[in-house]
Amino acid sequence: MNVIVVGCGRVGADLAYRLYKRGHQVTVLDTLASAFNNLEPDFRGRTVEGEVLNQDVLRRAGIAHADAVATVTNSDAINAVVAHIAHVVYHIRTIVVRNYDPHWRRVHEAFGRQVVSSASWGAQRMEELIYDPNVYRVFSAGNGEVEIYEFAVPEPWAGRTLGELLPPDQCAVVALTRAGRATLPDRDTRLEAGDLIDISATLEGADALRKQLAKP
Amino acid sequence: MFVIIAGGGRTGSQLTMLLLGQKHDVHLIEHRRDILSHLHRELPTEVIYEGQATDLRVLEEAGIKRAQVLAACTAEDADNLALCFVARTQYQVPRTIAQVNDPRNAWLFDEKFHVDVALNQSEVLASLIEEEMSLGDMMTLLKLRRGQFSLVEEKIPPGAKAIGVAIKDLALPEQCVIAGVIRKGKMLVPRGATTFEAGDEVLAVTDRQGAEQLAALFAGPRPVRPPVP
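Parameters at a glance
Residues numbered from 1 in each chain as written. Chains lettered and ligands numbered in written order. Predicted model: local features only at pLDDT ≥ 70, side-chain atom pairs only at ≥ 80, totals over all residues. Helix = DSSP H or I, 4+ residues; strand = E, 2+ residues; numbered from the N terminus. Buried ≥ 20, exposed ≤ 12 C-beta atoms within 10 Å, placed from the backbone. Contact = placed C-beta atoms within 7 Å. Core = buried A, V, L, I, M, F, W, Y, C linked by C-beta atoms within 7 Å. Pairing = 2+ DSSP bridges. Axes fitted to C-alpha atoms, helices over the stretch in contact; angles between N-to-C directions. Expected span 1.5 Å × (residues − 1). Arc of directions from axis to C-beta. Nonpolar A, V, L, I, M, F, W, Y, C, P; charged D, E, K, R; others polar.

> Please clarify how the overall build of chain B should be interpreted in this entry.
Within chain B, the regular secondary structure consists of six helices and eleven strands. Counting all 229 residues of chain B, 33% fall into the buried class. The long-range fraction of contacts in chain B, counting pairs at least 24 apart against all pairs at least 6 apart in sequence, stands at 55%.

> In this structure, what is going on with the nonpolar core? I would like to understand it.
In a soluble, globular protein the nonpolar side chains are often hidden away together inside. With 79 residues, the main nonpolar core has Val5 and Val81 of chain A together with Leu70, Leu81, Ala82 and Cys84 of chain B as its most contacted residues. Other than its neighbours up to four places away in sequence, Val5 of chain A contacts Gly12, Leu15, Ala16, Val26, Val28, Ala70 and Val72 of chain A. The next biggest cluster of nonpolar side chains, apart from the first, holds 13 residues, and it includes Tyr149, Trp157, Leu166 and Ala201 of chain A.

> Would you take a moment to explain the sheet that holds strand 7 (residues 136-141) of chain A for this structure?
Residue and element names in this part refer to chain A. Pairing is antiparallel across the open sheet formed by five strands, whose spatial order is 7-8-11-9-10. Edge strands, defined here as strands with exactly one partner in the open sheet, are strand 7 and strand 10 (181-183). In this sheet, neighbouring strand axes are inclined to one another by 20° on average, regardless of whether the strands run parallel or antiparallel. Here strand 9 (residues 171-178) pairs with strand 11 (residues 196-202) via six bridges, running antiparallel. If you follow Ala172 over to strand 11, its bridge partner there is Ser200. Running over the sheet, helix 7 (residues 203-214) touches strand 8 (146-152), strand 9 and strand 11 and is turned about 140° from strand 11.

> What is the right way to read helix 1 (residues 10-21) of chain A from this model?
Quick reminder: α-helices carry 3.6 residues per turn. Residues three or four places apart thus point the same way. Residue and element names in this part refer to chain A. With twelve residues, helix 1 extends 17 Å between its outermost C-alpha atoms, agreeing within 8% with the 16 Å of an ideal straight helix rising 1.5 Å per residue. Within the span of helix 1, buried status applies to Gly12, Ala13, Leu15, Ala16, Leu19 and Tyr20. Down the axis of helix 1, the buried side of the element spans an arc of 165°, and every buried residue falls inside it. In helix 1, those exposed residues whose orientation departs by more than 90 degrees from the buried face are Arg10, Arg18 and Lys21. The inward-facing, buried residues of helix 1 abut strand 1 (2-6), strand 2 (25-30) and strand 4 (68-71).

> Hey, could you run me through the interface of chain A and chain B in this one?
The accessible area lost on association of the parts is a frequent measure of interface size. Counting residues at the interface gives 18 residues for chain A and 19 residues for chain B. Looking at the side of chain A that touches chain B, the elements that each hand over two or more residues are helix 3 (76-88) and helix 4 (105-111) of chain A. Per-element tally for the side of chain A that touches chain B: the top contributor is helix 3 of chain A, with six residues. Among the residues forming the side of chain A that touches chain B, the class breakdown is twelve nonpolar, four polar and two charged.

> Looking at this structure, I do not really get the environment of Pro173 of chain B. What am I missing?
Residues and elements named next belong to chain B. Mapping Pro173 onto the fold places it in the loop between strand 8 (149-155) and strand 9 (176-183). Looking at Pro173, the number of C-beta atoms within 10 Å reads 17, which means it is partly exposed. Separated by 34 residues in sequence, Pro173 and Asp207 have C-alpha atoms that sit 9.2 Å apart. Residues in contact with Pro173, not counting those within four places in the same chain, are Thr206, Gln209, Gly210, Gln213 and Leu214.

Laid out in structure tokens, this is it:
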């Protein structure tokens, strides 16, 4: 794959190096030549210095022949604008945008590209770990709007149904594992202590579940 | 009209004062502390909204949902582009205007980002200066179509090529029309048979290239300045 990485800060340098190590052709762009010092010494992709909104700079980077573009500078505006150009002018199919400032999230959503919001995601993950380390997050969809959680059924809930335990909305059942065997349960399934339950839920749903688990 | 202006720098604040003076309803968004303190001294408090224009909550608070015009005048081209894009796609603002800070980014300021009008100050200024240098005595009275065409006026000096030639026989540039001739204080409606005399003031509508050719037709036999040694 031919990939263009716009921005060579921590995220850009790491992403470029990973892609290079996987055998892809990588071109990294940055306005400052000194940013390329962030790259691992054995990185052998191309580096292009220049203003990234400049059409000549984009052409020099070979954007017309790119399979994928990742915009990962620490300016949300630059990331959104370059991604939009890649989409409407160069018809790149795979485009990923870094969301730096959480306040910018809705503008990114308006542009409609795939967005990675590492700041919001990190803060939310920490928030969950602070609330209750006993409900584990095992998978995160989108930017963590919906996540899959796993928890063990505590003693007081044995004999009652899954429907009684789970909050009525903001969550859906994924799997129940009993004695190493996973099944697809429904809300009428009777619980046993130590059952491992996987559910997908929003942050509010997970919060409601934690409150349920805490009260006998 | 209700106008939202993003960015209270020189252009934004000047525009705000101008529009307020014409009794328009204006809200100005700015986040830089030092600039805000300036603005508060010059503008009524209810006009100023503090915050980042690219934070949609701030835009909404400033009333973007009922804005008739968004003028994006921040110092960052990418912000101006994103603002025009969200104004149209999220809030259906009927008219968007954006300031171009770096002329090299001018190629982005069009329908790609829903920019209706791009204000490229450095380009406008540069072409004005260039025109002043190359067109000699020709005067631009009016700019049409964002400066693509102009209404120009030129006085025909004695000895000019065009004297005594009928308009229909004059090799006029393609994108150029003689709109009027003022002779001895009277306006003549030009016809194909009209001939020019020394001292005529000619009004023409023309594009940039046409203006140069016209200037050459109407130029007098100027003494050539010897090259500087």
